[in-house]
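Given next are the chains, with one letter for each unit.
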Amino acid sequence: MPEGVFDAQGCLTEAGFARIGASPPGRAPTELAAHLAQCARCQRRLLASAASPSGRPAPRRQRPPVWRTAVAVLASLLLVMMAIVMLRFLTVAPR
Ligand SMILES: [Zn+2]
């Protein structure tokens, strides 16, 4: 297996994409082409690189910070509680 074309998760690195891009159509290294054929993530990155002006695969999206996830969860819980309170308000019989 060529060095440096797969990352720790077994996906193609930028060097791997460069090797595929440099090879003529139908002549890409077999293991790189085989991985690209069965990996949706690398296919997305390759398509995104074709659309990006730099011509390089888009960097992997960073994981959102934990505080942002917590804010989203708390906001969701707040909305659910508001919905329950409003439902109760709607079901109380008028005096
Ligand atoms: Zn992959």
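Being a predicted model, the structure only gives us computed values, none of them experimental.

## Side note on the overall build of the protein chain
Across its full length, the protein chain holds four helices and zero strands. Out of the 95 residues belonging to the protein chain, those deemed buried represent 8%. Contacts in the protein chain between residues at least 24 apart in sequence constitute 28% of all its contacts with a sequence separation of at least 6.

## Observations regarding the nonpolar core
In this structure, Val5, Leu12, Phe17, Leu32 and Cys42 together form the largest nonpolar core, which totals five residues. In this structure, leucine 12 is in contact with Val5, Phe6, Phe17, Leu32, His35, Leu36 and Cys42, ignoring residues within four places of it in sequence.

## With respect to the confidence of the model for the protein chain
Low pLDDT marks regions whose predicted coordinates should not be analysed in detail. Per-residue pLDDT for the protein chain has a mean of 86; in total, 87% of the residues score no lower than 70. Per-element averaging of pLDDT across the protein chain places helix α3 (residues 40–51) at the bottom with 87 and helix α4 (residues 66–91) at the top with 94.

## Quick notes on α4
Helix length check: α4, at 26 residues, gives a terminal C-alpha distance of 38 Å against a target of 38 Å (1.5 Å per residue), a fit within 8%. α4 sits mainly on the outside: zero of its 26 residues count as buried.

## A word on the environment of glycine 4
Summarising the element assignment, glycine 4 is placed in the segment before α1 (14–22). Taking the number of C-beta atoms within 10 Å as the measure of exposure, glycine 4 has 11 and is therefore exposed. Residues glycine 4 and glycine 16, 12 residues apart in the sequence, show an inter-C-alpha distance of 7.3 Å. For glycine 4, the residues in contact, after removing those within four places along its chain, are Thr13 and Ala15.

What counts and what doesn't
- Numbers given for residues are sequential positions, taken from 1 along each chain in its written order.
- In keeping with the predicted nature of the model, local features appear solely for residues at pLDDT of at least 70, side-chain atom pairs appear and are counted solely at 80 or more, and the whole-chain, interface and lining totals rest on all residues.
- In DSSP terms, a helix is any run of H or I states spanning at least four residues, a strand is any run of E spanning at least two, and both are numbered starting from the N terminus.
- Whether a residue is buried, exposed or partly exposed follows from its count of other C-beta atoms within 10 Å of its own C-beta, namely 20 or more, 12 or fewer, or something in between, respectively; the C-beta atoms are built from the backbone.
- Contacts here follow a simple rule: the backbone-placed C-beta atoms of the two residues must lie within 7 Å.
- Remark: nonpolar core denotes a set of buried Ala, Val, Leu, Ile, Met, Phe, Trp, Tyr and Cys residues whose joining runs through C-beta atoms within 7 Å.
- Per-residue confidence from the prediction method is given by pLDDT, with values spanning 0 to 100.
- Each helix should span, by expectation, one fewer than its residue count multiplied by 1.5 Å.

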